[in-house]
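Understanding the architecture of this molecule
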Amino acid sequence: MQTSSLGTSDLQVTPLTLGTMTFGKEADEATSHALLDAYVSVGGNLIDTADVYSKGLSEEIIGRWLKSSGKRDDVLIATKARFALASGPRGLHPDYLRGAIEDNLRRLDIDTIDLFQPHAFDPNVPVAEWLGLIKEFVDQGKIRYLGVSNFLSYQLQHTLDVAKYEGLPTVVSLQPQYNLLDRHIDYEVMDVCKNHNIPLLPWSPLGGGWLSGKYQRDSVPTGATRLGEDPSRGVEAYDKRNTERTFAILDVVKDIAADHGASMAQVSLAWLIQHPQVGSVILGARTTEQLADNLGAAQVELSTEQWERLEDVSRPHTPDYPYGFVDTMGGR
């Protein structure tokens, strides 16, 4: 895989990132290490984790792999904090966040986090307070760059403004949910990112497995899949996504996959890889077989017509207000 600059940072990242939310839960330590080995063997260099993944175990597994493999200098480590691992304090107040970041470093057994990302905005803490703490960590060499995850458009813009006018570290990336089934950030967040050269690191690029074609119309999933184990799970819950729009998108993905002799997952990931605002796509796999198929997306080159066909069929509905109303006057 080739690398490219991540926004305004000097981080050189591959188009596919290894997400590690499955580590320590759906993938045991041996499987997790095998996934890491497989990922770096094809040139992947960005590993994304968070303190809440398996209550810290994901970070510990990565830390032990970094030590045993000797690969620390070959990869970039991105992690997150904001939510509590157990009952107790949480958020972005420096009194909590300072300890959370030190715990990130301890579990990962590294000196420097390449990309630290608040896992969500905290409306109860002034932005300047937690950005000031990030500056302390940057000055100490413990954090290289700041990204954010799950920020709304006004939260992202406010953070950028505070960073600019207070001389504090600015945001170089955004990690949102983004895939062919869920493009709601197109309403506003995307424009903030475009205006400030902030690339996306999309999570759930396959919509919780839907875009791999594994789920069928009006047939509740069963078996060893995310929704098979819990059909009501999260944003990808079966009842939420078992819609005509979903299957219209899947039909187009299936057609294009047949043209390329590729899997539906590879085509769905390729659409993101070729998206001009995407910096790197976060893969989440339980097995090395799943990961191998996903990594194959880097070799799928969609034509302009195919990319636009997927863009058109997946475009989110525009609500009448405010977006439709404003559009009629050329306001966007």
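See above for the structure.
Residues numbered from 1 in each chain as written. Predicted model: local features only at pLDDT ≥ 70, side-chain atom pairs only at ≥ 80, totals over all residues. Heavy atoms only, no water.

Some words on the overall build of the protein
- Along the backbone of the protein there are 13 helices and 9 strands.
- Against the 2.2 N^0.38 benchmark of 20 Å for 332 residues, the protein shows a C-alpha radius of gyration of 20 Å, consistent with a compact globule.
- Buried positions account for 53% of the 332 residues belonging to the protein.
- Across the protein, contacts joining residues at least 24 apart in sequence account for 75% of those joining residues at least 6 apart.
- Of the roughly 14,600 Å² of accessible surface on the protein, a fraction of 49% belongs to carbon and sulfur atoms.
- Across the protein, the 30 positively charged side chains and the 45 negatively charged ones have centroids separated by 3 Å. (Helix = DSSP H or I, 4+ residues; strand = E, 2+ residues; numbered from the N terminus. Rg over C-alpha atoms; globule rule 2.2 N^0.38 Å. Buried < 20%, exposed > 50% of the residue type's maximum accessible area, 1.4 Å probe, protein only. Contact = heavy atoms within 4.5 Å. Areas by Shrake-Rupley, 256 points an atom, 1.4 Å probe, with all protein chains shown as cover. Lys, Arg positive; Asp, Glu negative; His and termini not counted. Charge placed at Lys NZ, Arg CZ, Asp CG, Glu CD.)

Examining unusual backbone geometry
- Cis geometry marks the peptide bond from tyrosine 321 to proline 322; its omega dihedral reads 5 degrees.
- Looking at where proline 322 falls in the secondary structure, it is placed in helix α13 (residues 320–327).
- If you check the backbone angles, asparagine 150 has positive phi at about 65 degrees while not being a glycine.
- Here asparagine 150 is to be found in the loop between β7 (143–149) and α5 (153–166).

Considering the environment of serine 153
- Structurally, serine 153 is set in helix α5.
- Linking serine 153 and aspartate 74, residues 79 residues apart in sequence, is a C-alpha distance of 33 Å.
- Setting aside anything within four residues of it in sequence, one finds serine 153 in contact with Glu188, Val189 and Val192.

Some remarks on the environment of glutamine 140
- With respect to the helices and strands, glutamine 140 occurs in the loop between α4 (127–139) and β7.
- Glutamine 140 gets classed as partly exposed once you look at its relative accessible area, which sits at 47%.
- When the C-alpha positions of glutamine 140 and threonine 112 are compared, they lie 9.3 Å apart, and in sequence the two are 28 residues distant.

Some points on helix α3 (residues 94–108)
- Here α3 contains 15 residues, and its C-alpha end-to-end distance of 21 Å stays within 8% of the 21 Å for a straight helix at 1.5 Å per residue.
- Those residues of α3 that sit buried are Pro94, Tyr96, Leu97, Ala100, Ile101, Asn104, Leu105, Arg107 and Leu108.
- Buried residues in α3 make contact with α2 (57–69), β5 (76–81), β6 (113–118), α4 and β7.
- Aspartate 109 occupies a position one or two residues after α3 and carries a positive phi of about 60 degrees. (Expected span 1.5 Å × (residues − 1).)

Notes on the nonpolar core
- In this structure, Ile101, Phe116, Trp130, Leu156, Leu174, Leu302 and Leu310 are the most contacted members of the largest nonpolar core, which totals 96 residues.
- Apart from the residues within four sequence positions on either side, leucine 302 is in contact with Ile256, His260, Val267, Ala270, Trp271, Gln274, Trp307 and Leu310. (Core = buried A, V, L, I, M, F, W, Y, C linked by side-chain atoms within 4.5 Å.)

Observations concerning the packing of α3 against α4
- Where α3 meets α4, the axes come as close as 10 Å, and the angle between the chain directions of the two elements is 35 degrees. Considering how the two elements wind past one another, α3 and α4 form a crossing that is right-handed. Residues Pro94, Leu97, Arg98, Ile101 and Glu102 of α3 pack against Glu129, Trp130, Leu133, Ile134, Glu136 and Phe137 of α4.
- Its residues assigned to classes, the contact of α3 with α4 shows 7 nonpolar, no polar and 4 charged. (Axes fitted to C-alpha atoms, helices over the stretch in contact; angles between N-to-C directions. Left-handed = near helix turned anticlockwise from the far one by under 90°. Nonpolar A, V, L, I, M, F, W, Y, C, P; charged D, E, K, R; others polar.)

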